[in-house]
Amino acid sequence: MSDMRFTTDHEYIRIDGENGIIGVTNFAQEQLGDIVFVELPEVGKRIAKGEQLATVESVKAASEVFSPVSGEVVEANAALEENPATVNEDPLGAGWFVKLRLTNEGELSGLMDEAAYEAHLRSL
Amino acid sequence: MTAPAPAPAKIPLDALHRRLGARMVPFAGYEMPLHYPPGIVAEHLHTREKAGLFDISHMGQAILAGAGATRLLETLCPADLIELAPERNRYTQLLNEAGGVLDDLMVTRLPGRDERLFLVVNAATKAVDFALLQEKLPQLSLHVQKTRAMLALQGPRAVDALQALLPGVEELGFMEWQAFDYEGAGFYVTRSGYTGEDGFEISLPESKAEGFALRLLENPDVAPIGLGARDSLRLEAGLCLYGHDLDPGIDPVEAGLSFSIGKRRRIEGGFPGFERIRDALQNGPPRRRVGLLPQGKAPIREGAFLLDAGGAEVGSITSGGFSPSLSRPIAMGYVARGAATTGNALHADLRGRLVELSVVPLPFVPHRYVRH
């Protein structure tokens, strides 16, 4: 998992060449509870680092997901429309949200690696 | 300057909830279980299929006693309480001078020669309610039950699970009350609840709460259920949540609670806001609470404004969420009279796009109360 980076808000990005696959961590899905709907951005949308990327609706409430980096949406995980609970079941795998083409790879250095994220979780 | 919020109080079963893995959240001044490890959807469905055990010890319990207690409480509530038979339970509301709802509550007439009413009120409003009762009815005594816990057992298997511990509860009909002796302690049981299912609410001494809850949980049909599923269950059942679907600006008629206004009282009045309520009963209220089915899969939450076909605002959502039983979003809200017809299409703004909602009758999931 050395190709993964994390935000303090519990988003992750898995780097795959010039693209990054973004989702929320296992900690985040546990906090959110049963996810019943995920609103994803349109393909082609340009999103700045820290801007809202998606909205996750659990039974209780809506939560915003922010983009860890700047980029252009090249793919949104359409399977979540039918099965939003995939985010609960496999957040780091099939429960991904969006594939972004990174427009500023330098932003990755500001994110936590897995060890730093684990330490962050322990500090909460 | 805002005063710091007082630390949440502990309910008697706090330690048990934590041992059961509950996620505890602040609610109405208490730390309450939001859900347990199975999660809200699983807990919700378990209650509809088997039996769910809810800790509702945060709610207020009191005994209002004294000569003329029923007649005097009628000066604050629109229910017919004089005709309420002993060991019967009734749903009513405390009203303000404008006929708005200060709180909704359950009233049981206790047996015995003296007039005694057992009241169960909402957690967030209990201090205000009890102060109001003492101020308005000084000739009565109000005994707040500070050392009693309260559990609700709800669902189709609730009766089997409870009668194994309290034989005789199966004889109760909907909205009937009975006192039981359990290990020498007085347990007050009503066949009622707030999920739309058959079930019971049990008032018991704090000292017995954990032992009794554990006995119930030994039954494989019984699972602990948190506030999250309590909310989705009551929304499916089309029941009002105080502070959301009811508040001091809303009267019981527009809230769809006319069933709880006594027939005699509709003529005689004698409760706060009678003129407004009589007018609403006779001519129809200017707005009313309706069920709403949003198109698509995104829940539409409380506070969303409702628009008619021409884009004019005609109301707003007061409870909105996801229905685990129907696997789709559902909502309730208040809608102007002309827009409240079943089948009417309204719209709400969801993050910048308009979602269509159709007006539907309540409840979303049929009630399964047991009437003997």
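Residues numbered from 1 in each chain as written. Chains lettered and ligands numbered in written order. Predicted model: local features only at pLDDT ≥ 70, side-chain atom pairs only at ≥ 80, totals over all residues. Heavy atoms only, no water.

To keep things clear, this is the line we draw: UniProt positions are given in the numbering used here, feature names are shortened, and annotations may be inferred rather than shown by experiment.
Per an unreviewed UniProt entry, chain A carries the name Glycine cleavage system H protein and comes from Methylocystis heyeri. UniProt lists a comment for chain A under the heading Subunit (unreviewed entry), and it reads "The glycine cleavage system is composed of four proteins: P, T, L and H." According to UniProt, the comment filed for chain A under the heading Sequence similarities (unreviewed entry) is "Belongs to the GcvH family."

So, the interface of chain A and chain B
Often, the extent of an interface is quoted as the loss of accessible area on bringing the components together. Filter applied, for reference: In this analysis, two residues are considered to be in contact whenever any of their non-hydrogen atoms come within 4.5 Å of each other. Note on terms: buried area is the combined drop in 1.4 Å-probe accessible area of two parts once they are placed together, counting the loss on both. Every case where a carboxyl oxygen of Asp or Glu lies within 4 Å of a side-chain nitrogen of Lys or Arg is listed as a salt bridge. Distance and chemistry together define a polar contact, namely a pair of N or O atoms within 3.5 Å, with one atom able to donate a hydrogen and the other to accept it when in protein, and with adjacent residues in sequence counting only for side-chain atoms on both sides. Labels follow the DSSP assignment, with helices taken as runs of H or I lasting at least four residues and strands as runs of E lasting at least two, numbered in each case from the N terminus. For this classification, the nonpolar set comprises Ala, Val, Leu, Ile, Met, Phe, Trp, Tyr, Cys and Pro, the charged set comprises Asp, Glu, Lys and Arg, and every other residue, Gly included, is treated as polar.
Taken together, the 15 residues of chain A in the interface contact 15 residues of chain B. Taken together, the two surfaces of chain A and chain B that pack against each other cover about 1,300 Å², and 48% of this comes from carbon and sulfur. Ranking the residues of chain A by area buried against chain B places V36(A), V59(A) and K60(A) at the top, with a combined share of 39%. Note that E57(A) and R351(B) form a salt bridge whose closest N and O atoms lie 2.9 Å from each other. Where chain A touches chain B, the interface holds 11 residue pairs in polar contact (both at pLDDT 80 or more). Counting residues per element, the ones that place at least two in the side of chain A that touches chain B are α1 (26-32), β4 (35-39), β6 (52-58) and α2 (79-82) of chain A. The class makeup of the residues in the side of chain A that touches chain B is 5 nonpolar, 3 polar and 7 charged.

Remarks on unusual backbone geometry
Residues and elements named next belong to chain B. Cis rather than trans, the peptide bond between L362 and P363 has omega equal to 0 degrees. You can see P363 is positioned in the segment after β20 (353-360). Its identity is not glycine, yet A28 carries a phi of approximately 50 degrees, on the positive side. In this structure, A28 sits in the loop between β2 (23-27) and β3 (30-35).

Let's talk about the sheet that holds β2(B)
All names here are of chain B. How we decide: Being paired, for any two strands, means DSSP has found at least two bridges between them.
Here 3 strands make up an open sheet; going across it, the order is β1-β3-β2 and the pairing mixed. Only two strands of the sheet have a single partner each, and these edge strands are β1 (9-10) and β2. Direction of pairing for β1 relative to β3: parallel, over a ladder of 2 bridges. Each bridged residue has a counterpart across the sheet, and for K10 the counterpart in β3 is E31.

Overview of the UniProt feature "modified residue: N6-lipoyllysine" (unreviewed entry) in chain A
In the numbering used here, UniProt assigns the "modified residue: N6-lipoyllysine" (unreviewed entry) feature to K60(A). Here K60(A) is to be found in the loop between β6 and β7 (62-66). With residues up to four places along the chain from it excluded, the contact list for K60(A) reads L34(B), I40(B), G228(B), D231(B) and R301(B).

Some points on the pattern of salt bridges
Our working rule: Exposure is judged per residue with a 1.4 Å probe applied to protein chains only, and the accessible area is read against the type maximum: over 50% gives exposed, under 20% gives buried, and values in between give partly exposed.
In this structure the tally under the stated criterion is 27 salt bridges over all chains. With its nearest N and O atoms 3.1 Å apart, the salt bridge here joins R276(B) to E254(B). Here R276(B), found in helix α9 (residues 274-283), pairs with E254(B), found in the loop between α7 (227-236) and α8 (263-268); they are 22 residues apart in sequence, far enough to count as distant. Note on R276(B): relative accessible area 29%, which makes it partly exposed. Relative accessible area serves as the criterion here: at 3%, E254(B) is assigned to the buried category. Residue E254(B) pairs with R287(B) through a salt bridge whose shortest N-O separation is 2.9 Å. Of this pair, E254(B) sits in the loop between α7 and α8 while R287(B) sits in strand β15 (residues 287-294), and the two are 33 residues apart along the sequence. Linked through salt bridges whose partners overlap, the residues forming this network are E39(A), E57(A), R301(B), R351(B) and R353(B).

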